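Coordinate analysis (summary)
Listed below, chain by chain, are the residues.
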Amino acid sequence: MAAQDAAVDSVRDREIGVEQDHLDQVYRRLEEKIHEAEFLMNDAAKRGQVGTPGALAERDAQVFRAGVHLNRLNNEFEDFLFGRIDLLHGKDGKKGPDGAFTSVEPADDAVREDAEGAPVAEIGETLHIGRIGVLDSDYAPLVIDWRAPAAAPFYRSTPKDPGRVVRRRVIRSKGRQVLGVEDDLMRPELTAHLDGEKLAVIGDGALMAALGQARSHTMRDIVSSIQAEQDMVIRAPAASVTEVAGGPGTGKTAVALHRAAYLLYQDRRRYAGGILIVSPTPLLVSYTEGVLPSLGEEGQVAIRALGSLVDGAEATSYDEPHIARIKGSSRMLKVLRKAARGALEAPVTAVAQEEGQLSFGDFDDFDEPGDEPGARPAVRTDMLRVVAFGSRLELEAAELQRIRENALSGTAPVNLLRPRARKLLLDALWSKSGGRGRHTDPELAAELRSSFDEDVSSEDSFLAFLNAWWPELTPRGVLAAMGDEKRLGRWARRILTPREVRQLARSLGREELSVHDVALLDELQLLLGTPARPKKKREYDPLDALTGLEELMPQREETQWERAERLAAERTEYAHVIVDEAQDLTPMQWRMVGRRGRTATWTIVGDAAQSSWTDPEEAAEARNEALGSRPRRKFELTVNYRNPAEIAELAAKVLALAAPGMRSPRAVRSTGVVPRFVTAGDLESSVREEARRLLERVDGTVGVVVAMNRRAQAARWLAELGDRVVALGSLEAKGLEYDATVVVSPAEIAEESPAGLRVLYVALTRATQQLTVVSGKRDDPDGQGVPALLRD
Ligand SMILES: Nc1ncnc2c1ncn2[C@@H]1O[C@H](COP(=O)(O)OP(=O)(O)OP(=O)(O)O)[C@@H](O)[C@H]1O
């Protein structure tokens, strides 16, 4: 036995040595490439500051390209090289641009029979797979980029459908050192030789090893173990909409992230327009944001939480379910349309002083900068009085109202209608002035009219009136105005019930923005419009005139770096939009996300059984509207890589209640550890004790999931236990995972909202190793501590 072990070890060491030699060669080549890139950058920089604008732009472009390249090469990858495939000879002898043979099928004579009739073959090609592609100085592939077509068989080949692959090897390395190898044989019946030696096979279960590893607070990439059904999604052509459904733990988030990297690799030019990944919570954003850099991709991908999609509005707080339901519903659209126009009619000066929210913009005929709205004296908006051509002119409330209605007719954004309103005011004053009949000569009449307009509109009282009567409305300002129950009642008449109006007004009256408010702000931004600002004039530097430099100096051109940064900051539309946990988007959120991808292709991943939104039909309608008539391709992921079978089995009981008829994904492994049930005398001490117990049993993280209204309390309970343990509200647990979880009071979570059972299903499917369920009184636990909801 011992001799056999020693033999296995020596084969393993030899194979590790083979891969180490290859990795050394790769790093030598990488160093050469780094020197080349540095040389290019220095060379470009040396060309200095002078030259035609075209030459300077070319220099910047070169520095930019070399810089990006250098960045990628210098990236300290954990495991630069992670895979290898040994392939049979292909059908034809053609090579692709990555230097590998292109044929998918083996040549007819690739497999022969030996004297005993057993199948034998020679390995015709060996490819190493890594995070980025590396060619040697003769353009032969040292490493194939995992996204290149030649790498696809590494992920897709199975014993049932092996293609040319004989052996698939996962290489474990850290920095420059190879630590181990794990092989899978795709043609176990075949005896294959490589360079005259029999192909060695080391270990089994690279995937299992990856799944069993302790979890940290950040997600890992899965490049070395992407499974065939996942690879189909990652490499699906980016035409139109790719929809991916799959239960908890099937790798939807992982697949979405790898797809972003794949699309960039495959068509960098097209996706220079940016990829947006929409995530439900900031927690999931920080959990996932390390994955793309580990795949060599940064910059062109923005991962944003739903509460951070609008610049300047970072919302992290959650509304109670009944409020979220109102704010998320597409009925809000009608309310917002009314509010966007109605906010003008509100007693503006009073509103401005009360809430300091309605901002007064800097139109050219507007306030002095720094003129705070709250600081101005109140201006009457129910009457306009001016003096023109020596006489006093007046417009009264009813006339003003008519003018406003006239100006507001149509659907143009309110803030853009101000010049029209101003014109209508001047018209009305003009007809009162008696100026109209004074000249018959049209030229003289026009002149008189324009001097009238100039006179009136430069009068302080007119300006002050206009500012107060037609202020520039901001989304925040209108949302705050909706916090007034009376006004909201007017705007929401026959759309919301009086009860809903009361609840919504109370919520909007608060200072803090909630995640659901952000979609309302985005909608309002569109309804209100942004008035054109007067262009900033180039500052005049008297020294320029003295030295005559102004004419000689070419205008400094924006470098490509600056341009890329500016575009990323300004971007509101993307070339590809990926929506994670798509089942949770409300109709109003679909509208907000839809606006960011009007001309984009899409990837949408989600699981209806985990939806916390109560009205799936309404959301589906909004989703259809956001995606338009683009054709859709649907995929399903069926294997649960997160939960052991013991936990998945328990969760399936809740699934049957939460989404009858939906199938659970198949758990890929089993740990032998069944979920533990505890009945709490005192919730606080039971939860703390169970968290502590799990901390001793796992190496990584422990998540304690409670009903949303217990979040703060639970965080206090666990404060002393260190940072491996985290308290989470049930809605925050979305998409995350921990080595072990404590789910506190399933009944409380389930009763929290109409979608509570689906939220509980999410909570129960977060653990990779162990699960403890702590029941309180509401859970009605049996003698074994099993709560009513989880009994057979
Ligand atoms: N092919 C794979 N190789 C290794 N690990 C994998 C693979 N696929 C998924 N995993 C792991 O399984 C876990 C679940 O993946 P992920 O979070 O992407 O699932 P999900 O479908 O988004 O789940 P949920 O719906 O619960 O949010 C992660 O730890 C992920 O790294």
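This is a predicted model, so every value here is computed, not measured. (Residues numbered from 1 in each chain as written. Predicted model: local features only at pLDDT ≥ 70, side-chain atom pairs only at ≥ 80, totals over all residues.)

Here's the deal with the overall build of the protein chain
Stated formally: Helix and strand labels come from DSSP, where a helix needs a run of H or I of at least four residues and a strand needs a run of E of at least two; each type is numbered from the N terminus. The exposure label follows from counting other C-beta atoms within 10 Å of a residue's C-beta, where the C-beta atoms are placed from the backbone and the thresholds are 20 or more for buried and 12 or fewer for exposed, leaving partly exposed in between. Contacts here follow a simple rule: the backbone-placed C-beta atoms of the two residues must lie within 7 Å.
For the protein chain, the count of helices and strands is 29 helices and 25 strands. The burial tally for the protein chain puts 43% of its 792 residues in the buried class. At a minimum sequence separation of 6, the contacts of the protein chain that also span at least 24 residues come to 74%.

Here we look at unusual backbone geometry
The backbone of Glu 581 shows a phi angle near 50°, a positive value even though the residue is not glycine. Given 25 C-beta atoms within a 10 Å radius, Glu 581 is considered buried. Not every positive phi belongs to a glycine, and Asp 780 is a case in point at roughly 50°. Tracing the sequence through the fold places Asp 780 in the segment after β25 (767–775). Under the C-beta neighbour-count criterion, Asp 780 is labelled partly exposed, with 13 such atoms within 10 Å.

Here we look at the packing of helix α9 (residues 321–328) against helix α18 (residues 498–508)
For clarity, the cut-off: Here an axis means a line fitted to C-alpha atoms, over the contact stretch when the element is a helix, while the angle between two N-to-C directions is reported on a 0 to 180 degree scale. Should an angle fall under 35 degrees it is called roughly parallel, over 145 degrees roughly antiparallel, and 65 to 115 degrees roughly perpendicular, with every other angle called oblique. Under the scheme applied, nonpolar residues are Ala, Val, Leu, Ile, Met, Phe, Trp, Tyr, Cys and Pro; charged residues are Asp, Glu, Lys and Arg; polar residues are all the others, including Gly.
Relative to each other, α9 and α18 sit at 95°, their axes nearing to 10 Å. One finds that α9 runs roughly perpendicular with respect to α18. Here His 322, Ile 323 and Ile 326 of α9 lie close against α18, whose contacting residues are Glu 500, Gln 503, Leu 504 and Ser 507. Residues of the contact of α9 with α18, tallied by class, amount to three nonpolar, three polar and one charged.

Re the sheet that holds strand β10 (residues 197–198)
For the record, the criterion: Two strands pair if DSSP finds at least two bridges between them.
Read across the open sheet, the four strands follow the order β2-β3-β9-β10; overall the sheet is mixed. In this open sheet, the two strands that pair with only one neighbour each are β2 (111–113) and β10. Bridge analysis of strand β3 (residues 119–122) against strand β9 (residues 191–194) gives three bridges, and the strand direction is parallel. By the bridge assignment for β9, Val 120 is matched with Thr 191.

What to know about the domain arrangement of the protein chain
Our working rule: Domain borders in the structure are assigned automatically or taken from a domain database.
Each assigned domain of the protein chain is listed with its residue range as follows: domain 1 (14–215), domain 2 (241–311 + 569–634), domain 3 (342–347 + 381–510) and domain 4 (645–790). The C-alpha centroid of domain 3 is placed 41 Å from the C-alpha centroid of domain 2.

Some points on the site of the ligand
So the rule is basically this: We call a residue near a molecule or strand when its C-beta atom, built from the backbone, sits within 6 Å of it.
Lining the immediate surroundings of the ligand are 24 residues, of which Ser 225, Pro 248, Gly 251, Lys 252 and Thr 253 lie closest. Contributions of two or more residues to the shell around the ligand are made by α4 (206–212) and α6 (252–266). For the shell around the ligand, the residue count by class is eight nonpolar, eleven polar and five charged.

Some words on the sheet that holds strand β22 (residues 702–706)
The strands making up a sheet associate through backbone hydrogen bonding, with each pair oriented either parallel or antiparallel. Within the open sheet, the five strands sit side by side as β21-β25-β24-β22-β23. Their pairing is parallel. The open sheet has two edge strands with one neighbour each: β21 (676–679) and β23 (725–729). Across this sheet, the average inter-strand angle for adjacent strands is 20°, counted without regard to direction. Pairing between β22 and strand β24 (residues 738–744): four bridges, direction parallel. Each residue of the ladder has a partner; that of Val 702, found in β24, is Ala 740.

Observations concerning the nonpolar core
Condition: The term nonpolar core refers to a group of buried residues, namely Ala, Val, Leu, Ile, Met, Phe, Trp, Tyr and Cys, whose C-beta atoms join them within 7 Å.
Ranked by internal contacts, the top residues of the largest apolar core, which has 191 residues, are Ala 260, Ile 275, Val 478, Val 654, Val 704 and Tyr 761. Ranked by residue count, the leading element in this core is α6, at nine residues. Residues within four places of Ala 260 in sequence aside, it is in contact with Ile 275, Ile 277, Leu 292, Val 301 and Ile 578.

As for α18
Our working rule: What the arc describes is the spread of directions from the helix axis to the C-beta atoms.
Every buried residue of α18 is listed here: Val 501, Leu 504, Ser 507 and Leu 508. One face of α18 carries all of its buried residues, which in axial projection span an arc of 135°. For α18, the exposed residues set more than 90 degrees away from the buried face come down to Pro 498 and Arg 499. The elements touched by buried residues of α18 are α9, α16 (475–481) and α17 (485–491).

Here we look at the UniProt feature "binding site: ATP" (unreviewed entry) in the protein chain
For clarity, the threshold we go by: UniProt positions are given in the numbering used here, feature names are shortened, and annotations may be inferred rather than shown by experiment.
Feature annotation in UniProt places "binding site: ATP" (unreviewed entry) on Gly 246, Gly 247, Pro 248, Gly 249, Thr 250, Gly 251, Lys 252 and Thr 253, given in this structure's numbering. You can see Gly 246 is positioned in strand β11 (residues 241–246). Its 22 C-beta neighbours within 10 Å are what place Gly 246 among the buried residues. Beyond its immediate stretch of four places on either side in the chain, Gly 246 contacts Lys 252, Asp 607, Glu 636, Leu 637, Thr 638 and Pro 665. Locating Thr 250 in the fold gives a position in the loop between β11 and α6. For Thr 250, a count of 26 C-beta atoms within 10 Å gives the class buried.

Focus on the confidence of the model for the protein chain
In plain terms, the rule: The pLDDT score gives, residue by residue, the confidence of the prediction method on a 0 to 100 scale.
Per-chain confidence: the protein chain averages 84 in pLDDT, with 84% of residues scoring 70 or above. Below a pLDDT of 50 lies the segment residues 348–376, which in the model reaches 50 contacts outside its immediate sequence neighbourhood of four places, other chains included. Contacts of residues 535–556 to residues separated by more than four positions or lying in other chains number four contacts, the stretch itself having pLDDT below 50. Across the assembled chains, the prediction reports ipTM 0.99 with pTM 0.80.

Here's the deal with helix α24 (residues 616–627)
Under the convention used in this document: Multiplying one less than the number of residues by 1.5 Å gives the expected span of a helix.
Taking 1.5 Å of rise per residue, the twelve residues of α24 would be expected to cover 16 Å, and the 16 Å separating its terminal C-alpha atoms lies within 8% of that figure. Ala 619, Ala 622, Arg 623, Ala 626 and Leu 627 are the residues of α24 that are buried. The buried residues of α24 all sit within an arc of 130° when viewed along its axis, so they share a single face. In this structure, the buried side of α24 is in contact with β11, α23 (587–595) and β17 (601–606). Trailing α24 by a residue or two, Gly 628 shows a phi angle of about 65°, which is positive.

Thoughts on the pairing of strand β15 (residues 391–396)
Both strand β14 (residues 383–388) and β15 contribute to a ladder of six bridges, which runs antiparallel. Residue Val 387 lies in a different strand from β15, and its bridge partner there is Arg 392. Hairpin connection from β14 to β15: two residues lie between these consecutive antiparallel strands, with Phe 389 at a positive phi of about 50°.

Describing the packing of helix α10 (residues 331–345) against helix α19 (residues 515–528)
Heads up, the condition is: Here a crossing is taken to be left-handed if its near helix is turned anticlockwise relative to the far helix by less than a right angle, and right-handed if that turn runs clockwise.
Look at α10 against α19: their axes get within 10 Å of each other, and the N-to-C directions meet at 45°. Relative to α19, the element α10 is oriented oblique. Once α10 is placed against α19, the crossing between them reads as right-handed. Listed contacts from α19 to Met 332, Leu 333, Leu 336, Arg 337 and Ala 340 of α10 are Leu 520, Glu 523, Leu 524, Leu 527 and Leu 528. Partitioning the contact of α10 with α19 into residue classes produces eight nonpolar, no polar and two charged.

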